[in-house]
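Spelled out from the first residue to the last, the chains are:
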Amino acid sequence: MSHKTNALAALAAASLPLLAQAEARPEEKVMAYRYSHYSESDNPRARTFTPETRRYDINVHQFRHARPLGEDWYLDGELQYETLSGASPLQTYQQDGKSVLVTSGATIDEQRLDIKASPRRYFSQGTLAGNAALSLENDYQSLALGGDGTLELFDKHTTLMAAISASYDTLSPSDQDQYPARQAFDRKNKRSVSVYQGVSQILDKNRVMQLGVGLTHLSGYLSDPYKTYDQRPGERDQFTINFQYRHFLNVGDGAALHADYRFYADDWGIWSHTVSGRWAQQIRQDNGVGWQLIPQLRYYRQSEADFYTLERYPGGEFYSSDARLSNYGAITLGLEGRVRWNNWIVSLDGQYYFADETLSLVQRSADETPSLLSYTLLSLGVEYRY
């Protein structure tokens with residue numbers, strides 16, 4: 001189901017691209033492949049009620065092809081295939097003053113196929129693009145459509161951006177013969193509509209900034225059919241403000257500082273702050289070979305949802321013990337290396353993420369949340385431009 005596999009995409013993906021200069025249609029064709037291995041740390045034995053402590057392992061293969069079409073169009077396409085195995089957290093509850101985690105006993109084995117296409121039209125003062133994505137799993141299907149555009153003003157120093165997207169997802173929970181309660185969720189659907197508006201401003205030849213606001217409305221079945229005692233509202237409104245800053249510096253053979261901040265709030269009572277920084281350092285560039293090293297650090301903290309609970313048999317209209325709805329903080333450490341040789345680019349990226357209720361720093365929760373994630377992500381990519 002996408003709530004499991006989308007964790008990889010959500011945590012590894014970068015935020016919306018920052019426009020550092022006026023957009024011109026790319027003239028190169030691109031062929032690229034990336035392999036990623038995502039591995040979650042085991043659940044703590046002392047807090048796991050059921051025998052299974054292993055979490056998810058995901059292997060991802062991504063293929064990308066992009067090319068110009070005619071004089072004004074550019075087409076970008078991607079195919080992604082994932083395999084997933086592991087056990088799923090079912091419920092967390094308090095017992096004798098301590099949090100206890102219950103997991104699924106059987107190992108889950110699933111596959112996922114994503115297909116994405118984005119044609120873009122370039123004009124003298126901006127762009128227009130359409131986006132389509134299809135995601136297929138044995139227990140989850142999703143279709144997403146969208147569009148975005150840019151408009152360049154003031155000698156192309158200011159760029160206005162807007163985007164809209166919509167998705168329609170259908171659930172088909174697996175193992176319904178073993179868990180008959182899941183039959184009630186078969187063919188349930190979820191819908192989302194998102195809009196984004198932003199502005200990018202070139203401050204001078206070395207500095208650029210971007211500010212954006214996003215709104216998302218979700219409706220339909222928003223609970224998790226794989227969790228016990230999980231009943232969430234049928235609607236959710238999300239609001240984000242993001243700020244991005246890039247500063248190019250004459251350090252060594254050239255460097256760039258990337259600083260990002262995002263504020264998030266929704267009507268489930270969750271609000272969060274995300275602060276991240278990256279340093280892209282050019283190490284050496286001669287004889288057609290360029291080396292780049294990119295360390296990064298990210299901190300995230302959020303409050304808990306209004307209906308988050310660790311009661312064994314919760315009451316009320318809505319309730320969930322999903323750790324993603326709890327009060328916690330998280331830190332991501334990353335390091336990426338890139339080598340460019342003529343038309344080839346090879347990159348190696350590693351990330352380590354760990355979350356804990358004590359990392360929220362302020363408004364810390366006294367409740368243990370043993371199902372919070374810790375994971376490692378390793379990626380190897382090869383790209384050819386011609």
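Look up a bit, the structure's there.
Everything numeric here is computed off the predicted structure, so don't read it as measured data.

Caption draft 1: Geometry of the pairing of strand E12 (residues 235-249). The sheet contact formed by strand E11 (residues 207-220) and E12 spans 13 bridges and is antiparallel. Each bridged residue has a counterpart across the sheet, and for Arg207 the counterpart in E12 is His247. Summarising the sheet, E12 and strand E13 (residues 255-266) pair through 12 bridges and their orientation is antiparallel. By the bridge assignment, Ile241 is partnered in E13 with Phe263. The turn joining E12 and E13, which pair antiparallel and follow one another in sequence, is formed by 5 residues; a positive phi near 60° is taken by Gly252.

Caption draft 2: Seen up close, the nonpolar core. Among the nonpolar cores identified, the biggest contains 16 residues, and Tyr38, Tyr328, Ala330, Tyr353 and Ala355 are the most heavily contacted of them. Elements supplying a minimum of two residues to this core: strand E2 (57-69), strand E16 (328-341), strand E17 (344-356) and strand E18 (374-385). In this structure, Tyr264, Trp268, Ala305 and Leu325 belong to the second largest nonpolar core, which totals 10 residues.

Caption draft 3: Seen up close, unusual backbone geometry. At Asp96, a residue that is not glycine, the phi angle is positive and equals roughly 55°. Position of Asp96 relative to the elements: it lies in the loop between strand E4 (89-95) and strand E5 (98-103). Relative accessible area serves as the criterion here: at 76%, Asp96 is assigned to the exposed category. One non-glycine residue with positive phi stands out, namely Asp155, at about 55°. On the secondary structure map, Asp155 appears in the loop between strand E8 (140-153) and strand E9 (158-171). A residue is classified by how much of its surface remains accessible, and Asp155, at 71% relative accessible area, is exposed.

Conventions used here
- Residues numbered from 1 in each chain as written.
- Predicted model: local features only at pLDDT ≥ 70, side-chain atom pairs only at ≥ 80, totals over all residues.
- Heavy atoms only, no water.
- Pairing = 2+ DSSP bridges.
- Helix = DSSP H or I, 4+ residues; strand = E, 2+ residues; numbered from the N terminus.
- Core = buried A, V, L, I, M, F, W, Y, C linked by side-chain atoms within 4.5 Å.
- Buried < 20%, exposed > 50% of the residue type's maximum accessible area, 1.4 Å probe, protein only.

Bear in mind that shape data such as this cannot, by itself, settle questions of function.
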